[in-house]
Amino acid sequence: MLMKKLASLRCASLRCASLRCASLVCRYSSHLATQHYDVIVVGGGHAGTEAAAAAARLGAETLLVTQKIQTIGALSCNPSLGGVGKGHLVKEVDALDGLCGRAADWAGIHFSMLNRRKGPAVWGPRAQLDRQRYREFIQTELLNIPKLTLLEGAVDELLVTEASTEGPGQHKVTGIRLVNGMQPISASSIILTTGTFLSGFLFVGCTTSPGGRIGDAPSASRLSHTLKEILGLKMGRLRTGTPPRIIKDSVDFSQAKYHPPDSQPTPFSFLNPQTHCKPEEQLPCYLTYTTPGVEEVVHDSLHLNCHIQQDTKGPRYCPSIESRVLRFPGRSHQVWLEPEGLSSDLIYPQGLSMTMPPDMQLRLIREIPALHSAQIHTPGYGVQYDFVCPTQLSPSLQVKSTQGLFLAGQINGTTGYEEAAAQGLWAGVNAARSALSKPLMALSRTESYIGVLIDDLVSRGVTEPYRMFTSRAEFRTSLRPDNADLRLSLKGFEEVGCVSLHRYKEAVRVRDCLQDGLAALEGLSPSSHTWRHKLPNINMSENKSTIMTGIEILQYSEVSYEMLCSVFPEHLLPYIEFSQRLKIEAVYRPHCDKQRKEIERIQKEENMVLSPDIDYLSLPVSLSQEVREILDSIRPTTLGAASRLQGVTPAAIVHLLNYVQPTGHKEKRNDKPQLQDQKKGKRELWLRLVHKADAGPGHG
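The following paragraphs examine the structure supplied in this document. Since this is a predicted model, take the numbers as computed values, not measurements.

1. What about the overall build of the chain?
Right, so step 1: Per the secondary structure count, the chain includes 24 helices and 21 strands.
Right, so step 2: Relative to all contacts within the chain whose residues are 6 or more apart in sequence, the contacts with residues 24 or more apart total 72%.

2. Comments concerning the pairing of strand 2 (residues 62-66)
Right, so step 1: The element strand 2 is extensively covered by neighbouring structure, given that 5 of its 5 residues are classed as buried.
Right, so step 2: Residues T62, L64 and T66 of strand 2 are buried on one face, and the alternating residues L63 and V65, pointing to the opposite face, are buried as well.
Right, so step 3: When strand 1 (residues 36-42) meets strand 2, the two strands line up parallel, connected through 4 bridges. Across the sheet, V39 pairs through a bridge with T62, a residue of strand 2.
Right, so step 4: The parallel pair strand 1 and strand 2, bridged by helix 2 (residues 46-57), forms a crossover whose chirality is right-handed.

3. Details of the environment of I109
Right, so step 1: For I109, the location among the structural elements is in strand 4 (residues 108-114).
Right, so step 2: Looking at I109, the relative accessible area reads 0%, which means it is buried.
Right, so step 3: I109 sits 167 residues away from H276 along the chain, and the two C-alpha atoms are 8.9 Å apart.
Right, so step 4: Apart from the residues within four sequence positions on either side, I109 is in contact with Q128, L129, D130, C277, Q282, L283, P339, E340, G341 and L342.

4. Some details on the packing of aromatic side chains
Right, so step 1: The full count for this structure, using the stated rule, is 5 aromatic pairs.
Right, so step 2: With 6.4 Å between their ring centres and 40 degrees between their planes, W106 and F137 make a pair best called tilted. Placement of W106 in helix 4 (residues 100-107) and of F137 in helix 5 (residues 131-144) is noted, with a sequence separation of 31 residues between them. Neither residue differs from the other here; W106 and F137 are each classed as buried.
Right, so step 3: Linked through ring pairs, F253, Y258 and Y286 together constitute an aromatic cluster.
Right, so step 4: The lysine or arginine in question, K91, covers the ring of F270, its NZ or CZ lying 4.2 Å from the ring centre.
Right, so step 5: The cationic tip of R116 hangs over the ring face of W123; the distance from NZ or CZ to the ring centre is 5.0 Å.

5. Concerning the nonpolar core
Right, so step 1: Grouped together as the largest cluster of nonpolar side chains are 114 residues, with contacts concentrated most on I40, I190, L227 and L405.
Right, so step 2: Here this core gets 11 residues from one element, more than from any other, and that element is helix 11 (residues 417-435).
Right, so step 3: Setting aside residues no more than four positions away along its own chain, I190 makes contact with I40, V42, L158, V173, G175, I176, G404, L405 and F406.

6. Some remarks on the sheet that holds strand 17 (residues 346-350)
Right, so step 1: Here 6 strands make up an open sheet; going across it, the order is 14-15-16-17-13-18 and the pairing antiparallel. The open sheet terminates on both sides in strands that have one partner only, identified here as strand 14 (257-259) and strand 18 (376-378). Sheet twist, expressed as the average angle between the axes of neighbouring strands with direction ignored, equals 35 degrees.
Right, so step 2: Looking at chain direction, strand 15 (residues 285-289) and strand 16 (residues 334-339) are connected through 4 bridges and run antiparallel. Bridge pairing in strand 16 places Y289 opposite Q334.

7. Structural notes on the environment of Y381
Right, so step 1: On the secondary structure map, Y381 appears in strand 19 (residues 381-388).
Right, so step 2: When the C-alpha positions of Y381 and P357 are compared, they lie 8.9 Å apart, and in sequence the two are 24 residues distant.
Right, so step 3: Apart from the residues within four sequence positions on either side, Y381 is in contact with L202, F203, V204, R213, I214, G241, T242, M354 and T355.

8. Observations concerning the environment of T240
Right, so step 1: Structurally, the position occupied by T240 is in strand 12 (residues 235-242).
Right, so step 2: Relative accessible area serves as the criterion here: at 19%, T240 is assigned to the buried category.
Right, so step 3: For the pair formed by T240 and Q384, sequence separation is 144 residues and the distance between their alpha carbons is 6.6 Å.
Right, so step 4: Residues in contact with T240, not counting those within four places in the same chain, are T196, H307, P315, G382, V383 and Y385.

9. Details of the side chain of D38
Right, so step 1: Examined against the element boundaries, D38 turns out to sit in strand 1.
Right, so step 2: For the buried residue D38, which engages in no salt bridge, the nearest side chain bearing the opposite charge is K147, 6.4 Å off.
Right, so step 3: Contacts of D38, omitting those with residues within four sequence positions, involve G59, A60, E61, A187, S188, S189, A435 and L436.

10. A look at the sheet that holds strand 4
Right, so step 1: Pairing in this open sheet of 3 strands is antiparallel, and the strands run 3-5-4 from one edge to the other. The outermost strands of the open sheet, each flanked by one partner alone, are strand 3 (80-82) and strand 4. The sheet shows a mean angle of 15 degrees between the axes of neighbouring strands, direction not considered.
Right, so step 2: Pairing of strand 4 with strand 5 (residues 124-129), which is carried by 6 bridges, proceeds in the antiparallel orientation. Pairing of H110 across the sheet is with Q128, part of strand 5.
Right, so step 3: Of the strands in this sheet, strand 3, strand 4 and strand 5 touch helix 4, which is tilted by about 115 degrees from strand 4.

11. Quick word on unusual backbone geometry
Right, so step 1: Phi at L397 is positive, roughly 75 degrees, even though this residue is not glycine.
Right, so step 2: Tracing the backbone through its elements, the reader meets L397 in the loop between strand 19 and strand 20 (402-403).
Right, so step 3: With a phi angle near 50 degrees, R635 is a residue other than glycine that sits in the positive phi range.

12. Some points on the pattern of salt bridges
Right, so step 1: Scanning the entire structure with this criterion turns up 33 salt bridges.
Right, so step 2: For E92, the salt bridge goes to R487, with nearest N and O atoms at 2.8 Å. With E92 in helix 3 (residues 86-95) and R487 in helix 13 (residues 484-496), the pair connects residues that are 395 residues apart, well separated along the chain. For the pair E92 and R487, a shared accessibility class is recorded, and that class is buried.

13. Here's the deal with the packing of helix 13 against helix 14 (residues 501-523)
Right, so step 1: Where helix 13 meets helix 14, the axes come as close as 9 Å, and the angle between the chain directions of the two elements is 135 degrees. Regarding the angle of helix 13 to helix 14, the classification is oblique. Seen from above, helix 13 lies across helix 14 with left-handed handedness. On helix 14, the residues touching D485, L486, S489, L490, F493 and E494 of helix 13 are L501, R503, Y504, A507, V508, V510, R511 and L514.

What counts and what doesn't
- Residues numbered from 1 in each chain as written.
- Predicted model: local features only at pLDDT ≥ 70, side-chain atom pairs only at ≥ 80, totals over all residues.
- Heavy atoms only, no water.
- Helix = DSSP H or I, 4+ residues; strand = E, 2+ residues; numbered from the N terminus.
- Contact = heavy atoms within 4.5 Å.
- Buried < 20%, exposed > 50% of the residue type's maximum accessible area, 1.4 Å probe, protein only.
- Pairing = 2+ DSSP bridges.
- Right-handed = clockwise from strand over helix to strand, strands pointing away.
- Phe/Tyr/Trp six-rings, centres within 6.5 Å; stacked < 30°, edge-to-face > 60°.
- Lys NZ or Arg CZ within 6 Å of the ring centre and 35° of its normal.
- Core = buried A, V, L, I, M, F, W, Y, C linked by side-chain atoms within 4.5 Å.
- Axes fitted to C-alpha atoms, helices over the stretch in contact; angles between N-to-C directions.
- Lys, Arg positive; Asp, Glu negative; His and termini not counted.
- Salt bridge = Lys/Arg side-chain N within 4 Å of Asp/Glu carboxyl O.
- Parallel < 35°, antiparallel > 145°, perpendicular 65-115°, else oblique.
- Left-handed = near helix turned anticlockwise from the far one by under 90°.

No statement about biological role is implied by the geometric values presented.
Dropping the structure here:
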């Protein structure tokens, strides 16, 4: 068994740990190939590292297989993490004891809270990262996790057999075979996190070559063949790209707008009171814009750019500069100049992803004033790769037709580190639970952005790379970045099993302190006249003459917890540590109270399980042929998931509701009051669905 021990001092051991990791894996690789694992994870990116760590935390003997050990945890594209919507995912991954939040706190060199002009529910924590520090942190963490083994190698194919009669599906995975012809490695569960390497091709100008990332070997084509031909999965093709890396000393920063970081960095991890990088050590970013000359170069190089000419779908919200120019002619486009590390001599030009020939890339960037003398270190390039249509997955991220096979990351049609990490963690949880003979679990979209992400994928599918936004969540006032620990850490320990006792105890402490702090605020109930006297600057109407609690006063935008604490120190000072969180809780309390009934209704629908073996094509229910085909193709797991399918009518959901009643209803006596309640519930569901249909598609 490969033993992985490191020195206790992280600062002194990060770099040597990465080297040690590579040597140990190479040394023990022949021994590993003869063993059986509970879980095998294929791929060492954000999805793969989170999946492997989560599976091992649940107690599963886990093997992480990656083509190049030194690139585990690498930031393949932009050197940043978080943002609006994406930052929510990072906070939730951290709340479930994932890696990326703590890694960002360690490697961050520029922290900023986006969207501050709006409410805290849609704030977006973001950080520029030091590439080397981030990669070393992830590798060190993996080496410290018991029951986790690393193996350098390329997976050639999956080993597949007939499905067990104990569960649904036609197939079952039993292991992997490596390209080098080693003996098969068997496993109870396998997680594929292949990123852009699944039949990936790189594009620069009209030159193409197999691969998923420049400098790395291509993945085995037989893996795609296994998924498509043997398992019969429906697959598609997507594309993405990355900008050229620019030599820092060749940039004229005086021609760009200076953007400093936040003076007080906000950590991603709930376990970190502060970031590793001191506030004064942070690096700035710079903003510049494209010019008409950029548009001219794009048009001049179109005949030399094969990637942009193809109709493979790319990311809508992070398009190449060629796509932006062609879609919005005559406009000036933002370009962010971002540092790649504290000691790096490279700049990442966010917004200049391109696939034209290298000489044209140089000509284009020099049309931008701040880059008039810029030198390119590495040219930009495009990638096209296979993905599996995610409607073929269950909410546990297991392939419906194949027992023990889980998918996470870009293989499911998403884009971004954060989306990949979130899927990887949840796939790791369920792969381990499956291997350990525990029931699979799903996260509801009412309790997390991870639940929203997965539900969108498995219920709706993708036609382009999926990116998380706060607008995708119906209950975003409840699913805030500040309360992810209360929503998920307790559940992660008590129900899921992926959260450590240390994190659980901290979450319990925070919960109890917040409850006590809110109770203390509620207990303050002077008259409005008294409040105006004690807080003369408060914008309260003179006509107001009611009793008001501390929570109601804290809802005023100009009132801070510190102000109340100065007035009532004996009551509020013990909770000053949580001043910002108490302010946010107070502000959103009315909104959350209003949403609670809607959340309970959706959770009730999610408890109405649709059996995986329902024959929708012959179901004795009044459904149109189109609806039957949609249900048969997607096979939603709950009535709630069925109601969100495009093309499934409100009438169809009501008919399904008649067919599938909650288990509790069948056990109760069918008396008149109960029948009236059921009729009322069906009428409410009908009215809600009709309203939803009139409003059109979307998430609000």
